[in-house]
Amino acid sequence: MNSFEMLYRAYYDRVYAFLHRLCGDRALAEDLAQETFLQAYTSFHRFRGECEVFTWLASIGKHVYFKYLKRNKLHLDSANLDLVVNTYYTQNADPEEYVHKKYVEKAVRAMVKEIPKKYRDVVLLRIYAELPFSQIALALKISENSAKVIFFRAKKKMMEVLKDEFAM
């Protein structure tokens, strides 16, 4: 078994799960994971080990997903942002709460779509890939402190908008 096959076996499930959380579609996540590993295979010689392998693969996967959205003339609101909404809003079985949550979800989709790319990348890598700030910093070639600041600023802005719009 060669080293790339070992890498594929070791990280496929995590990459697939990351992409599934982004797109919310099992078949699409599978296709995107395959494309991610294909791109990783062709650029494996450029991996210098400055970050963890999963961080590198998640970064490739994120780019593959955004390329898919662009190619299919879709927008970030096609992404499954339930995780973002649930970060800011607790679940409840009450129908009124459910409707309210859907309004919040729509607002969060709009916010994520509107925030600058550097904020969006940090938010997506932190929430969906569940990467530590040190790995986000390596993937985006910024300092760890910058990654933390960017994430918390984005989170604060999103919370302010949610509080203003929905009296949360």
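Every chain is numbered on its own, with residues counted from 1 as its sequence reads. With pLDDT at 70 or above as the cut-off, local features in this predicted model cover only qualifying residues; side-chain atom pairs require 80 or more to be listed or tallied, and sums for whole chains, interfaces and linings still use all residues. By convention in this description, side-chain values take in all heavy atoms of the structure and omit both hydrogens and water.

Peer 1: Would you take a moment to explain the confidence of the model for the protein chain for this structure?
Peer 2: Parts of the model with low pLDDT should not have their predicted coordinates read in detail. Within a predicted model, pLDDT stands for the predictor's per-residue confidence, ranging from 0 to 100. Summary statistics for the protein chain give a mean pLDDT of 78 and a share of 77% for residues scoring 70 or more. For the protein chain, the element scoring lowest by mean pLDDT is helix H4 (residues 82-88), at 48; helix H2 (residues 26-42) scores highest, at 92. Numbering of helices and strands runs from the N terminus; a helix is a DSSP stretch of H or I covering at least four residues, while a strand is a stretch of E covering at least two.

Peer 1: Just to check I follow, could you spell out the nonpolar core for this structure?
Peer 2: Across soluble globular proteins, you tend to see nonpolar side chains buried next to one another. Buried Ala, Val, Leu, Ile, Met, Phe, Trp, Tyr and Cys residues form a nonpolar core when they are joined through side-chain atoms within 4.5 Å. A simple rule labels every residue: compare its accessible area, found with a 1.4 Å probe on the protein chains alone, to the largest value its type can have, and call it buried under 20%, exposed over 50%, or partly exposed in between. Ranked by internal contacts, the top residues of the largest apolar core, which has 43 residues, are Phe 18, Leu 19 and Leu 125. For this core, the secondary-structure elements that each account for two or more residues are helix H1 (3-23), H2, helix H3 (53-71), helix H6 (117-127), helix H7 (133-140) and helix H8 (144-166). Setting aside chain neighbours within four positions, we find Leu 125 in contact with Phe 18, Ala 58, Lys 62, Glu 130, Leu 131, Ile 136, Ala 139 and Leu 140. For this analysis, residues touch if any pair of their heavy atoms sits within 4.5 Å.

Peer 1: Help me understand H2 in this model?
Peer 2: Residues lying three or four places apart along an α-helix face the same way, a consequence of the helix completing one turn every 3.6 residues. One less than the residue count of a helix, multiplied by 1.5 Å, gives the span that helix is expected to have. Between its first and last C-alpha, H2 extends 24 Å over 17 residues, near the 24 Å set by a 1.5 Å rise per residue. Taken together, the buried positions of H2 are occupied by Leu 28, Ala 29, Leu 32, Ala 33, Thr 36, Phe 37 and Ala 40. For H2, the buried positions fall inside an angular range of 170° around the axis, keeping them on one side. H2 presents Ala 27, Asp 31 and Tyr 41 as exposed residues on the side facing more than 90 degrees away from its buried surface. The elements touched by buried residues of H2 are H1 and H3. Counted as a polar contact is a pair of N or O atoms within 3.5 Å, where, for protein atoms, one must be capable of donating a hydrogen and the other of accepting one, and residues adjacent in sequence contribute only when both atoms are in side chains. The residue sitting at the N-terminus of H2 and contributing the capping side-chain oxygen is Asp 25; that oxygen lies 3.0 Å from the backbone nitrogen of Ala 27. Note: the arc covers the axis-to-C-beta directions of the helix.

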